[in-house]
Amino acid sequence: MKKQYLESGKIVGTHGIKGEVRIDPWCDSPRFLSEFTTLYLDSNGETSIEVKSRPHKNITLAKIKGVDSIEQAERLRGKIVYINRDEIELAEGVNFVQDLIGLDVIDADNRKNYGKISDVLRTGANDVYEITGADGKKYLAPVISEVFPERNVDGGYVLIRPMKGIFDDED
């Protein structure tokens, strides 16, 4: 089941003396996180905060409504911030990493189950899925259409046509 509220960063410190916080973004970029005017401090959306944010280098600086001193901001250090899935419109074929984690990796031709996606690594050219087999062994596979012809998040699986060397040791 897809989570409604998605982990999107962590408050890692304060900025200045007027209550701004520094957020380490766990989403695409500091700019992406800066587009939100409401963030949440819990995974069920019960505690919302109004923010005015801006990207700054590799972090997001946020001024939270009602937090006006460094002391108030310091109390938020270590808190995870969440975004509401309904406030985001993704392009066709784009998925949240959190929705991919745990999907079964099934062979497109013989239906063999290779394991589950355990992480998504960003390498620059293309993402890489880390797949953890039932035996705990980890494998890496490039996220390209030739290797992963189908993703079905709602169905709980991705189909794979493994390249040589992903699951077998090449001599």
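Computed from a prediction, not measured in an experiment: that's the story for all the values here.

A. Fine view of the overall build of the chain. A count of helices and strands for the chain gives 3 helices and 12 strands. Viewed in the frame of its principal axes, the chain has a C-alpha envelope of about 60 × 30 × 30 Å. Counting only residues that meet the buried cut, the chain has 40% of its 171 residues in that class. If you take every contact in the chain between residues at least 6 apart in sequence, the share linking residues at least 24 apart comes to 49%. Just so you have it, the chain exposes about 10,400 Å², and 46% of that area is on carbon and sulfur atoms.

B. Representation of the environment of aspartate 42 within the structure. Its place among the elements puts aspartate 42 in the loop between strand S3 (38-40) and strand S4 (48-56). Between the alpha carbons of aspartate 42 and glutamine 98 there is a distance of 16 Å; along the sequence they are 56 residues apart. Among all residues touching aspartate 42, those that are not within four sequence positions of it are Tyr5, Thr47 and Tyr82. A distance of 2.8 Å separates a polar atom in the side chain of aspartate 42 from the backbone nitrogen of glutamate 46.

C. Examining the pairing of strand S6 (residues 80-84) more closely. Burial analysis of S6 places 4 of its 5 residues in the buried class, which makes it a mostly covered element. Pairing geometry for strand S1 (residues 5-15) and S6, over 5 bridges, is antiparallel. Residue pairing in the sheet places lysine 10 in a bridge with isoleucine 80 of S6.

Conventions used here
- Residues numbered from 1 in each chain as written.
- Predicted model: local features only at pLDDT ≥ 70, side-chain atom pairs only at ≥ 80, totals over all residues.
- Heavy atoms only, no water.
- Helix = DSSP H or I, 4+ residues; strand = E, 2+ residues; numbered from the N terminus.
- Buried < 20%, exposed > 50% of the residue type's maximum accessible area, 1.4 Å probe, protein only.
- Contact = heavy atoms within 4.5 Å.
- Areas by Shrake-Rupley, 256 points an atom, 1.4 Å probe, with all protein chains shown as cover.
- Polar contact = N/O pair within 3.5 Å; in protein donor to acceptor, adjacent residues only side chain to side chain.
- Pairing = 2+ DSSP bridges.

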